[in-house]
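What follows is each chain in one-letter form.
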Amino acid sequence: MPASPSAEAPPTLVTLAEPSHAVPGGLAAGLNGTEAAPVPGPGPAGGASGTNMSGTMSGTAMDIAGDVLAGATVTLANTLSGSKRTTLSDGTGFFSFPAVEVGTYEVTITAAGFAGWTETSIPMRPAADLYLPHIVLQVASATTEVKVVFSQYELAEAQVKVEEKQRVLGIVPNFYTSYVWHAAPLTPGQKFRLAWRSSIDPFSFIGSGVAAGIEQARNTFSGYGQGAQGYGKRYGAVYADDFIGNFIGGAILPTVLRQDPRYFYKGTGSIRARALYAMSTVFIARGDNGKWQPNYSGVLGNLAAAGFSNLYYPASDRDGAGVTIDNALIGTVSGAISALIQEFLLKHITPSAAGPKP
């Protein structure tokens, strides 16, 4: 039956302008320039009421597979006043804002596991029932952050392996120098491994041979005599000094006293500051706790090694405490000179001196 002329006018259908900010899968993509669809459901309940020119804004949220998104958070913001309203989509993905005043709005939809959807500059006209069709939320990009955490032992092991490859000019071992200032402390096993690795390195045997030859030429420790027998005794004494010093000062005492036997390259500061630091390492050492402390391992190690040397030096060249102290002082002075050379020279001619990056 035709409606009488006095019947109430049907809800106004609004044609939306092209949004100023197009979002993939947004309002503009859904409308394609067509008129907005009326709100599903009965009658003009959200239409004009007396002098109130507000209307309703509604829509349906779904994913790219066409499935509805229940429980999505929908925010309606007035771009002029900044006022906001929030609602949730129902079990069918449908949401609605009643009593929406005339103005321009921004709609934002968020849901767990999906990228946010935003449409700006949506005009709301007087007494309009505005339906936003085809709101599709894209699946959020998955970002996985992987953190690799090394144990203190694993980090120290990686650093020791680099140190075992350090050789001056690719030949002379430089195992007891760390170019990583905050290197992890060594375990007892790693300290003994460095001492053993240094003692059995081919260059240690060659170095002992050269030193014994110099002593032979100078007739040092004349009680050993000359000839092959004298050279052999000198060779054994030089190698024994080195071996005992490595284990007592580089492994046994550092393990007992919890100190690090390595030289830690400074590399920064003035020449004077670096020189003082290098020479001071004869008397101070880094503890396994990371703090600097008196270098008991180095000082006592020199004394112990010098004391042991009295057991195999020629009887005519032994002088009891005198020889022990002399050898200990020689070890101390040579340690200071070695540290200076380490600080100012050897890094530049030692491959792999950069050390591992934690």
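Draft legend 1. Examining the overall build of the protein chain more closely. A count of helical and extended segments in the protein chain gives eight helices and 13 strands. Looking at the protein chain residue by residue over its 358 residues, the buried ones come to 38%.

Draft legend 2. Spatial organisation of the side chain of Arg-262. Relative to the elements of secondary structure, Arg-262 occurs in the loop between helix 5 (227-257) and strand 11 (263-264). Arg-262 sits in the buried class, given a relative accessible area of 6%. A polar side-chain atom of Arg-262 sits 3.1 Å from the main-chain carbonyl oxygen of Ala-184. Arg-262 has contacts with Glu-163, Tyr-176, Ser-178, Ala-183, Ala-184, Pro-185, Leu-186 and Leu-194, leaving out every residue within four places of it along the chain.

Draft legend 3. Just helix 7 (residues 296-309), in detail. Taking 1.5 Å of rise per residue, the 14 residues of helix 7 would be expected to cover 20 Å, and the 20 Å separating its terminal C-alpha atoms lies within 8% of that figure. Every buried residue of helix 7 is accounted for by Ser-297, Gly-298, Gly-301, Ala-305, Ala-306 and Ser-309. When helix 7 is viewed along its axis, its buried side chains cluster within an angular range of 155° and face the same direction.

Draft legend 4. The packing of helix 3 (residues 188-199) against helix 5, seen in detail. The contact between helix 3 and helix 5 brings their axes to 9 Å, and the two run at 170°. Taken together, helix 3 and helix 5 sit at an angle that is classed as roughly antiparallel. Mapping the contact onto sequence places Pro-188, Lys-191, Phe-192, Ala-195, Trp-196, Ser-198 and Ser-199 in helix 3 and Tyr-239, Phe-243, Asn-246, Phe-247, Gly-250, Ala-251, Ile-252, Pro-254 and Thr-255 in helix 5. Residue composition of the contact of helix 3 with helix 5, grouped by class: ten nonpolar, five polar and one charged.

Draft legend 5. Local environment of the packing of aromatic side chains. Counting across every chain of the model gives 15 aromatic pairs. Seen from their ring centres, Tyr-239 and Phe-243 are 6.1 Å apart, and the 35° between their planes marks the pair as tilted. Taken together, the positions of Tyr-239 and Phe-243, both in helix 5 and four residues apart, correspond to about one turn of that helix. When its relative accessible area of 17% is taken as the criterion, Tyr-239 is described as buried.

Draft legend 6. Main features of the pattern of salt bridges. Tallied over the entire structure, the rule returns eight salt bridges. The salt bridge involving Arg-274 is made with Glu-343; its shortest N-O contact spans 2.9 Å. A residue pair is termed long-range when its members are at least 10 positions apart, and Arg-274 in helix 6 (residues 271-280) and Glu-343 in helix 8 (residues 321-344) qualify at 69 residues. For the residue pair Arg-274 and Glu-343, the accessibility class agrees, reading buried in each case. Several salt bridges share partner residues, and in doing so they unite Glu-157, Glu-164 and Arg-193 into one network.

Draft legend 7. Local environment of the confidence of the model for the protein chain. For the protein chain, mean pLDDT is 82; residues scoring 70 or higher make up 80% of the total. Predicted confidence for residues 1-50 stays below pLDDT 50, and this span has 68 contacts to residues more than four positions away or in other chains.

Draft legend 8. Fine view of the sheet that holds strand 6 (residues 117-124). Pairing is antiparallel in the open sheet, where four strands are placed in the order 3-2-5-6. Of all the strands in the sheet, the pair left with one neighbour each is strand 3 (84-88) and strand 6. Neighbour-to-neighbour, the strand axes of the sheet open up by a mean angle of 20°, direction not taken into account. Of the pairings in the sheet, the one linking strand 5 (residues 103-110) to strand 6 comprises six bridges and is antiparallel in character. Paired with Val-107 across the two strands is Glu-119, which belongs to strand 6.

Draft legend 9. Fine view of the nonpolar core. Counting residues in hydrophobic clusters, the biggest one holds 21 residues, and the most contacted among them are Met-57, Val-107 and Ile-109. Among the secondary structure elements, those contributing two or more residues to this core are strand 1 (55-63), strand 2 (73-78), strand 4 (94-100), strand 5, strand 6 and strand 7 (129-137). A per-element tally of this core places strand 7 first, with four residues. With near-sequence residues (within four places) excluded, Ile-109 lies in contact with Ala-61, Ala-72, Thr-73, Val-74, Phe-95, Gly-116, Trp-117, Ile-135 and Leu-137. Residues Tyr-176, Leu-186, Ala-195 and Ala-251 belong to the second largest nonpolar core, which totals eight residues.

Draft legend 10. Quick look at the side chain of Ser-198. Looking at the element boundaries, Ser-198 is found in helix 3. For Ser-198, the residues in contact, after removing those within four places along its chain, are Phe-175, Tyr-176, Ser-204 and Asn-246.

Draft legend 11. Main features of the sheet that holds strand 4. The sheet built from three strands is open, its strands ordered 4-1-7 with mixed pairing. Both edges of this open sheet fall to strand 4 and strand 7, since each of them pairs with a single strand only. Between one strand and the next, the sheet's axes are offset by a mean angle of 15°, whatever the strand orientation. Where strand 1 meets strand 7, seven bridges bridge the pair, whose relative direction is parallel. When the bridges of strand 7 are listed, Ser-58 appears paired with Tyr-131.

Procedures and definitions
Along each chain, numbering runs from 1 in the same order as the chain's sequence is written. The predicted nature of this model means local features are confined to residues of pLDDT at least 70 and side-chain atom pairs, given and counted, to a pLDDT of 80 or more, with totals for whole chains, interfaces and linings taken over all residues. Derived side-chain values reflect all non-hydrogen atoms in the structure, with water molecules and hydrogen atoms excluded from consideration. Each helix corresponds to a stretch of at least 4 residues labelled H or I by DSSP, and each strand to a stretch of at least 2 residues labelled E; elements are numbered beginning at the N terminus. Throughout this description, buried means an accessible area under 20% of the type-specific maximum (1.4 Å probe, protein chains only), exposed means over 50%, and partly exposed covers the range between. N or O atoms closer than or at 3.5 Å make up a polar contact, with two conditions inside protein: a donor-capable atom paired with an acceptor-capable one, and, for residues adjacent in sequence, both atoms drawn from side chains. Any two residues having at least one pair of non-hydrogen atoms within 4.5 Å are treated as being in contact. In this scheme, a helix's expected span is set at 1.5 Å multiplied by one less than its residue total. Arc, as used here, means the arc of the directions from the helix axis to the C-beta atoms. Throughout, an axis means a line fitted to C-alpha atoms (over the contacting stretch in the case of helices), and angles, computed between N-to-C directions, take values from 0 to 180 degrees. Angles below 35 degrees are treated as roughly parallel, those above 145 as roughly antiparallel, those between 65 and 115 as roughly perpendicular, and all remaining angles as oblique. Each residue is assigned to one of three groups, with Ala, Val, Leu, Ile, Met, Phe, Trp, Tyr, Cys and Pro labelled nonpolar, Asp, Glu, Lys and Arg labelled charged, and all others, Gly among them, labelled polar. Note on aromatic contacts: the rings of Phe and Tyr and the six-membered ring of Trp form a pair at centre separations within 6.5 Å, being stacked when their planes are under 30 degrees apart, edge-to-face when over 60 apart, and tilted otherwise. Every case where a carboxyl oxygen of Asp or Glu lies within 4 Å of a side-chain nitrogen of Lys or Arg is listed as a salt bridge. For every residue, the predictor assigns a confidence score, pLDDT, that lies between 0 and 100. In this description, strands pair whenever DSSP reports at least two bridges between them. Note on terminology: a nonpolar core comprises buried Ala, Val, Leu, Ile, Met, Phe, Trp, Tyr and Cys residues joined through side-chain atoms within 4.5 Å.

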